[in-house]
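Structure assessment
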Amino acid sequence: LERQLLMQNQMRERQTAMQIAWTREFLKYFGTFFGLAAVGLTAGAIKKKNPGVLLPIVPLSFILAYQYDMGYGTLLQRMKGEAENILDTQSSLLELPKGPLTYEDLEKIRRSRSKLFIEK
């Protein structure tokens, strides 16, 4: 059992590391896109003398900030803290509908599915 727990923890850590690495890689591409878009929109706003052209920068900056916080900031630590808070103080939110799955429930599902295949 201890080996299984260690293996599951290693898999979770590797998946988390892959997610962080993916976010950092995505940030490079999105940061480049954001920079080019900001320059282009600024040039368009100056050329047309219309500051409304800069409006798309606002949502793009939120996306950039989120990706940066996920890849290099403290977002994961804040999420971990909030998850621990939910586990400690609001565990009722984690309950499954109709309670936990039992062996009897699984057997009912298995029997109903096997009847469907036999009848066909």
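Since the model is a prediction, treat every value here as computed from it, not as a measurement. (Residues numbered from 1 in each chain as written. Predicted model: local features only at pLDDT ≥ 70, side-chain atom pairs only at ≥ 80, totals over all residues. Heavy atoms only, no water.)

**Here we look at the overall build of the protein**
Counting its secondary structure elements, the protein contains four helices and zero strands. When the elements of the protein are put in sequence order from the N terminus, they spell out α-α-α-α. Relative to the 2.2 N^0.38 estimate, which gives 14 Å for 120 residues, the radius of gyration of the protein is 24 Å and therefore markedly larger than a compact globule would have. Dimensions of the protein, computed from the C-alpha atoms along their principal axes, are close to 70 × 45 × 30 Å. Residues classed as buried in the protein amount to 13% of the 120 residues present. For the protein, the accessible surface area stands at approximately 10500 Å², while carbon and sulfur atoms represent 64% of it. In the protein, 17 positive and 12 negative side-chain charges are present, and the distance between their average locations comes to 12 Å. (Helix = DSSP H or I, 4+ residues; strand = E, 2+ residues; numbered from the N terminus. Rg over C-alpha atoms; globule rule 2.2 N^0.38 Å. Buried < 20%, exposed > 50% of the residue type's maximum accessible area, 1.4 Å probe, protein only. Areas by Shrake-Rupley, 256 points an atom, 1.4 Å probe, with all protein chains shown as cover. Lys, Arg positive; Asp, Glu negative; His and termini not counted. Charge placed at Lys NZ, Arg CZ, Asp CG, Glu CD.)

**Side note on unusual backbone geometry**
Positive phi, close to 55°, is recorded for lysine 49, a residue that is not glycine. Residue placement: lysine 49 occurs in the loop between helix H1 (2-48) and helix H2 (57-72). Since its relative accessible area comes to 74%, lysine 49 is described here as exposed. Phi is positive for lysine 98, close to 65°, though the residue is something other than glycine. Tracing the backbone shows lysine 98 in the loop between helix H3 (75-89) and helix H4 (103-119). Residue lysine 98 is classed as exposed on the basis of its relative accessible area, which comes to 87%.

**Here we look at the UniProt feature "transmembrane region" (unreviewed entry) in the protein**
As recorded in UniProt, the sites labelled "transmembrane region" (unreviewed entry) are residues 26-46 and 52-70. Secondary structure content for residues 26-46 is 100% helix and 0% strand, while the C-alpha to C-alpha distance between its ends is 30 Å. The span residues 52-70 shows a helical share of 74% and a strand share of 0%, and its end C-alpha atoms are spaced 30 Å apart. (UniProt positions renumbered as here; feature names shortened; annotations may be inferred.)

**A few points about the pattern of salt bridges**
This model, assessed by the stated rule, comprises four salt bridges. Across the pair arginine 78 and aspartate 69 runs a salt bridge, and its minimum N-O distance is 2.4 Å. Under the relative-accessibility criterion, aspartate 69 is labelled buried at 18%. Two residues, arginine 110 and glutamate 107, come together in a salt bridge whose shortest N-O distance is 2.8 Å. Residue arginine 110 and its partner glutamate 107 are both found in helix H4; the two are separated by three residues, about one turn of the helix. (Salt bridge = Lys/Arg side-chain N within 4 Å of Asp/Glu carboxyl O.)

**Notes on the environment of alanine 43**
Its place among the elements puts alanine 43 in helix H1. For alanine 43, a relative accessible area of 44% translates into the label partly exposed. Residues alanine 43 and valine 53, 10 residues apart in the sequence, show an inter-C-alpha distance of 9.4 Å.

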